[in-house]
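If you want the building blocks of each chain, they are given just below.
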Amino acid sequence: ALGGPYLAVHLRRKDFIWGHRDDVPSLAEAISQIHSLLKQLQLQTVFVATDAVDEELAVLEKGLPEMIRFKPTVEEMHLYKDGGIAIIDQWICAHARYFI
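Rules and cut-offs
Note that residues are indexed from 1 along each chain, following the sequence as it is written. With pLDDT at 70 or above as the cut-off, local features in this predicted model cover only qualifying residues; side-chain atom pairs require 80 or more to be listed or tallied, and sums for whole chains, interfaces and linings still use all residues. Side-chain metrics rest on all non-hydrogen atoms present in the structure, leaving aside hydrogens and water. Paired strands, in this sense, are two strands between which DSSP finds at least two bridges. The numbering of helices and of strands both runs from the N terminus, where a helix is a DSSP run of H or I of at least 4 residues and a strand a run of E of at least 2. Any two residues whose heavy atoms approach within 4.5 Å at even a single point are treated as in contact. Axes here refer to lines fitted to C-alpha atoms; in helices the fit is confined to the stretch in contact. Angles between the N-to-C directions go from 0 to 180 degrees. A side-chain nitrogen of Lys or Arg and a carboxyl oxygen of Asp or Glu constitute a salt bridge if their distance falls within 4 Å. Three exposure classes are used, based on accessible area relative to the maximum for each residue type with a 1.4 Å probe and protein chains only: buried under 20%, partly exposed in between, and exposed over 50%.

Points about the sheet that holds strand 3 (residues 67-68)
Then, number 1: Spatially, the four strands line up as an open sheet ordered 3-2-1-4, and their pairing is parallel. The open sheet is flanked by strand 3 and strand 4 (96-99), the only strands paired with a single partner.
Then, number 2: One ladder, built from three bridges, connects strand 1 (residues 4-11) with strand 4; its direction is parallel. Across the sheet, the residue bridging to Leu7 is Tyr98, located in strand 4.
Then, number 3: Against the sheet, helix 2 (residues 27-41) contacts strand 1, strand 2 (46-50) and strand 4, and its axis sits at roughly 160° relative to strand 1.

Below, the structure is given as structure tokens:
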């Protein structure tokens, strides 16, 4: 299947950074890599699945105006819990044309 016309990115943050410092790009590096990929793949939209904190999300939103995310409502958080929200993110990523 071709997948939807977007790039999906799983951007790990929080505790993953502490155990994998050499493997996790800074937010500026991630934004730069995403912009390069969007241009290379001729796509205009990126879906970002991340556990970034609010401060990091603000940096991502400023640096990636083409970014979309699944933002559950309070009711959805109560209904699906963290695990269910993660599955929704995975489902969206699985339907992208490209996933990194």
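Section: the pattern of salt bridges
Then, number 1: Counting across every chain of the model gives one salt bridge.
Then, number 2: Put simply, Glu61 and Lys71 hold a salt bridge, and the shortest N to O gap is 3.8 Å. Of this pair, Glu61 sits in helix 3 (residues 54-63) while Lys71 sits in the loop between strand 3 and helix 4 (74-94); the two residues are 10 residues apart in sequence, bridging distant segments of the chain.
Then, number 3: Residue class for Glu61 comes out partly exposed when judged on its relative accessible area of 38%.
Then, number 4: Look at Lys71 and you get exposed, because its relative accessible area is 55%.

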